[in-house]
Amino acid sequence: MTFYKTKVRFLIFIASLGISLLSAQDQEVVISIDKLSSDVYMLTGQGGNIGIYVGQKNVFMIDDQFDRLSDKIKAAIASLTNKPVAFLFNTHMHGDHTGGNANFNTDLTTLVAHNNVRKRVMANQQKRLDDKKITEAYYSKMLPEVTFSEDITFYDNHETIMAFHVHNAHTDGDAMVYFVTNDVIHMGDTYFAGRYPYIDLKSGGSLQGYIDAHKKALMVISEETKIIPGHGRPSTKKELESYVSMLEDLKSKILAAIAAGESLEEVKSNNSISAAYDSTHGNGYIKPEVMREIFYKSLKSE
Ligand SMILES: [Zn+2]
């Protein structure tokens, strides 16, 4: 009996610790706003960067971070405009870009994404539904309502918003969104500014597709274009160009190691491969060793 009580008290302690840590973490999240052009803003909080275009009558929104941050994100948008969000576009399926879908999905808002985003969000949310973590209503509100395979274009007064799919880059459902008149592009997680990229090989991503995605973006943008990366600070074409050179250099070094018969373990522990970039790009979520592992596995499977 005593043991039981102690155990219960211990579990209550752990549970309350968990709750207080979680709420402390949420309280710390502040949504900051960067104005990138006359009508386009970047919102940073926790998770992927959000793009906001304030149009003639409505707002076009790109990505929505985590479910628990939706109220803060709505407040940040309300500080810019009182126009409703007409479209919410998901650059890909990861939870730090689509987590708020259900909270933003009202009769006024249409969710748009690549076909494979809907498939993967559906599969992930089905698991949560089976585990009774979400309701049937929440499940259906999480899903993109309009999907496309290659590209889709939106028109708003003088602005043309071009969204286009890039194949097997960060995942198998990535799309970039380019605001032609405002000259701003949101690259989703096909670009991690100032840090090594995460490439989700299990969800159809690949290093070659990632590099090809950058080359496609470079063809579309100009020296003046503002780039919203999936993670990291707003960037320029020059910065994206030097990022692609880095990826190509790392790719050729890891290919050479593969040709020399180096194993995954050898490449993972071989610091010299990425020594030139580790101090500038190796301090993010993806550490140098993890980057070398992902690149090795991706190149090996091609
Ligand atoms: Zn992602």
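**Q** Could you give an account of the overall build of the chain, with specific residues and numbers?
**A** The helix and strand tally for the chain stands at eleven helices and twelve strands. Compactness check: the chain gives a C-alpha radius of gyration of 21 Å against a globular reference of 19 Å for 302 residues, within 12% of the reference. Dimensions of the chain along its principal axes, counting C-alpha atoms only, are 65 × 60 × 30 Å. For the chain, buried positions account for 39% of its 302 residues. Long-range pairs, those at least 24 residues apart, make up 64% of the contacts in the chain with a sequence separation of at least 6.

**Q** Talk me through unusual backbone geometry; I want residue IDs and the actual numbers.
**A** Phi at Asp63 takes a positive value of approximately 65°, unusual for a residue other than glycine. Relative to the elements of secondary structure, Asp63 occurs in the loop between strand 4 (59-62) and helix 2 (70-78). Non-glycine residue Asn168 carries a positive phi angle of around 40°. Judged by local crowding, Asn168 falls into the buried class, with 22 C-beta atoms found within 10 Å.

**Q** A description of the environment of Ile221 should follow, citing residues and the corresponding values.
**A** By secondary structure assignment, the location of Ile221 is in the loop between helix 7 (207-220) and strand 12 (226-228). Its 20 C-beta neighbours within 10 Å are what place Ile221 among the buried residues. Remark: the alpha-carbon pair of Ile221 and Lys237, spanning 16 residues in sequence, is separated by 7.2 Å. Discounting residues that sit within four places of it in the chain, Ile221 has contacts with Ile185 and Lys237.

**Q** Describe the pairing of strand 1 (residues 32-35), and please don't skip the residues or the numbers.
**A** Pairing geometry for strand 1 and strand 2 (residues 40-44), over four bridges, is antiparallel. Each residue of the ladder has a partner; that of Asp34, found in strand 2, is Met42. Hairpin connection, strand 1 to strand 2: the antiparallel pair is bridged by four residues.

**Q** I'd like to hear about the pairing of strand 8 (residues 151-156), residue by residue, with values.
**A** Of all six residues in strand 8, zero are buried; the element is thus mostly exposed. Note: strand 8 against strand 9 (residues 159-165), six bridges, orientation antiparallel. Each bridged residue has a counterpart across the sheet, and for Tyr155 the counterpart in strand 9 is Thr160. Hairpin connection between strand 8 and strand 9: a loop of two residues separates the two successive antiparallel strands, and Asn157 in this loop has a positive phi of roughly 50°.

**Q** Just give me the short version of the nonpolar core, but keep the residues and values in it.
**A** Nonpolar side chains tend toward joint burial in soluble globular proteins. Counting residues in each nonpolar core, the largest one holds 65 residues, and the members touching the most others are Ile52, Met61, Phe89, Met176, Val177 and Ile185. Excluding residues within four positions of it along the chain, Ile52 makes contact with Val40, Tyr41, Leu43, Val59, Met61, Ile77 and Leu80.

**Q** Let's hear about the packing of helix 7 against helix 8 (residues 237-259): which residues, and what values?
**A** Running from amino to carboxyl end, helix 7 crosses helix 8 at an angle of 155°, the nearest separation of the two axes being 10 Å. In this view, helix 7 runs roughly antiparallel relative to helix 8, as classed from their interaxial angle. Crossing angle aside, the handedness with which helix 7 passes helix 8 is left-handed. Taking contact as the criterion, the partners of Leu207, Tyr210, Ile211, His214, Lys215, Ala217 and Leu218 in helix 7 are, on helix 8, Lys237, Leu240, Glu241, Tyr243, Val244, Leu247, Glu248 and Lys251. By residue class, the composition of the contact of helix 7 with helix 8 is nine nonpolar, one polar and five charged.

**Q** Which residues make up the confidence of the model for the chain, and what values do they have?
**A** Residue-level pLDDT values for the chain average 93, and 91% of them are 70 or greater. For residues 1-21, every residue scores under 50 in pLDDT, and the model assigns this stretch zero contacts once sequence neighbours within four places are set aside.

The rules behind the values
Residues numbered from 1 in each chain as written. Predicted model: local features only at pLDDT ≥ 70, side-chain atom pairs only at ≥ 80, totals over all residues. Helix = DSSP H or I, 4+ residues; strand = E, 2+ residues; numbered from the N terminus. Rg over C-alpha atoms; globule rule 2.2 N^0.38 Å. Buried ≥ 20, exposed ≤ 12 C-beta atoms within 10 Å, placed from the backbone. Contact = placed C-beta atoms within 7 Å. Pairing = 2+ DSSP bridges. Core = buried A, V, L, I, M, F, W, Y, C linked by C-beta atoms within 7 Å. Axes fitted to C-alpha atoms, helices over the stretch in contact; angles between N-to-C directions. Parallel < 35°, antiparallel > 145°, perpendicular 65-115°, else oblique. Left-handed = near helix turned anticlockwise from the far one by under 90°. Nonpolar A, V, L, I, M, F, W, Y, C, P; charged D, E, K, R; others polar. pLDDT = per-residue confidence, 0-100.

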